[in-house]
Amino acid sequence: GESVGLHLPTLSVQEGDNSIINCAYSNSASDYFIWYKQESGKGPQFIIDIRSNMDKRQGQRVTVLLNKTVKHLSLQIAATQPGDSAVYFCAENKGGFKTIFGAGTRLFVKA
Amino acid sequence: NAGVTQTPKFQVLKTGQSMTLQCAQDMNHNSMYWYRQDPGMGLRLIYYSASEGTTDKGEVPNGYNVSRLNKREFSLRLESAAPSQTSVYFCASTRLAGGPDTQYFGPGTRLTVL
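From a predicted model like this one, the values you see are computed outputs, not experimental measurements.

Q: I'm lost on the side chain of Q103 of chain B in this one. Help?
A: Relative to the helices and strands, Q103 of chain B resides in the loop between β9 (87-94) and β10 (104-105). Among the polar contacts listed, one links the side chain of Q103 of chain B to the side chain of T99 of chain A, at a separation of 3.3 Å.

And the structure:
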């Protein structure tokens with residue numbers, strides 16, 4: 001069935017290092033992928049998105065990579081800061097109104 | 001712009017009680033959504049409204065009703081609350097009426113049903 005999963009439930013990184021959060025998806029028909037950040041007690045916040053006709057997209061300190069061959073999505077955060085500590089969700093959409101969200105990976109940044 | 005706002009922030013109900021969760025957006029977005037978030041699970045879609053005047057069921061609609069009051073407001077009603085409805089509820093909106101688009105989320109309502 002459809003699912004968006006994450007390889008690791010938690011990730012701990014040293015401040016200043018790069019972070020990589022991974023995500024697997026199962027629906028090859030999905031053509032739009034999104035990463036959200038959720039801080040404690042708040043709603044999810046859009047970080048970056050990518051469409052299936054792209055392999056890579058860069059934002060400010062963040063990069064999303066899409067590997068359609070193995071149905072894998074990753075979020076790279078450069079020079080991780082304490083303010084990056086949060087839960088990160090990947091999500092997929094194959095058109096229409098229904099977006100499927102993963103359970104999330106909690107990122108801890110050590111000072 | 002306040003973005004997406006939700007009220008109340010917290011609520012405790014007894015089994016069988018009813019309540020309405022309110023959501024409003026000031027971004028002139030066309031589509032609005034209600035999700036629930038449970039520990040260890042991704043957000044699950046309860047209902048959505050593609051545009052003013054329309055509503056449709058999502059993945060987990062049982063026990064809920066919705067009203068798209070106008071373009072700005074989309075409410076979620078629990079007619080007879082059950083402990084299984086203890087969750088955090090998020091409202092979201094998208095600019096486009098159809099197709100994938102960035103969702104903007106409210107701060108959430110934390111509901112406990114005893």
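Q: Looking at this structure, I do not really get the environment of C23 of chain A. What am I missing?
A: Positionally, C23 of chain A belongs in strand β3 (residues 19-25). In sequence terms C23 of chain A and W35 of chain A are 12 residues apart; their C-alpha atoms lie 9.8 Å from each other.

Q: Would you mind showing me how to read the packing of aromatic side chains here?
A: The geometry of an aromatic ring pair is captured by the separation of the ring centres together with the interplanar angle, meaning the angle of the planes. One pass over the structure, following the stated rule, counts 12 aromatic pairs over all chains. Between the aromatic rings of Y36 of chain A and F101 of chain A, the centroid separation amounts to 5.8 Å while the plane-to-plane angle is 45°, which identifies the pairing as tilted. One end of the pair, Y36 of chain A, is in strand β4 (residues 32-38); the other, F101 of chain A, is in strand β10 (residues 99-101), with 65 residues separating them in the sequence. By the burial criterion, Y36 of chain A is buried, and F101 of chain A matches it. Centroid distance F101 of chain A to F105 of chain B: 6.1 Å. Interplanar angle 75°. Geometry classified as edge-to-face. Of this pair, F101 of chain A sits in strand β10 while F105 of chain B sits in strand β10, on two different chains.

Q: I tried to follow the interface of chain A and chain B on my own but got confused; where do I start?
A: In many analyses, interface size is given as the accessible surface area lost on bringing the parts together. With 20 residues of chain A at the contact, the number on the chain B side is 24 residues. Between chain A and chain B, roughly 1700 Å² of surface is buried when both sides are summed, and carbon and sulfur atoms account for 61% of that area. When residues of chain A are sorted by the area they lose upon contact with chain B, P44, F97 and F101 of chain A head the list and together hold 40% of the total. One can count zero salt bridges joining chain A with chain B. Summed over the shared surface of chain A and chain B, the number is four residue pairs in polar contact (both at pLDDT 80 or more). Within the residue set of the side of chain A that touches chain B, elements represented by two or more residues are β4, β5 (45-51), β9 (86-93) and β10 of chain A. Tallied by class, residues from the side of chain A that touches chain B come to eight nonpolar, eight polar and four charged.

Each value, and the rule that gives it
Residues numbered from 1 in each chain as written. Chains lettered and ligands numbered in written order. Predicted model: local features only at pLDDT ≥ 70, side-chain atom pairs only at ≥ 80, totals over all residues. Heavy atoms only, no water. Helix = DSSP H or I, 4+ residues; strand = E, 2+ residues; numbered from the N terminus. Polar contact = N/O pair within 3.5 Å; in protein donor to acceptor, adjacent residues only side chain to side chain. Phe/Tyr/Trp six-rings, centres within 6.5 Å; stacked < 30°, edge-to-face > 60°. Buried < 20%, exposed > 50% of the residue type's maximum accessible area, 1.4 Å probe, protein only. Contact = heavy atoms within 4.5 Å. Buried area = accessible area lost by both parts, 1.4 Å probe. Salt bridge = Lys/Arg side-chain N within 4 Å of Asp/Glu carboxyl O. Nonpolar A, V, L, I, M, F, W, Y, C, P; charged D, E, K, R; others polar.

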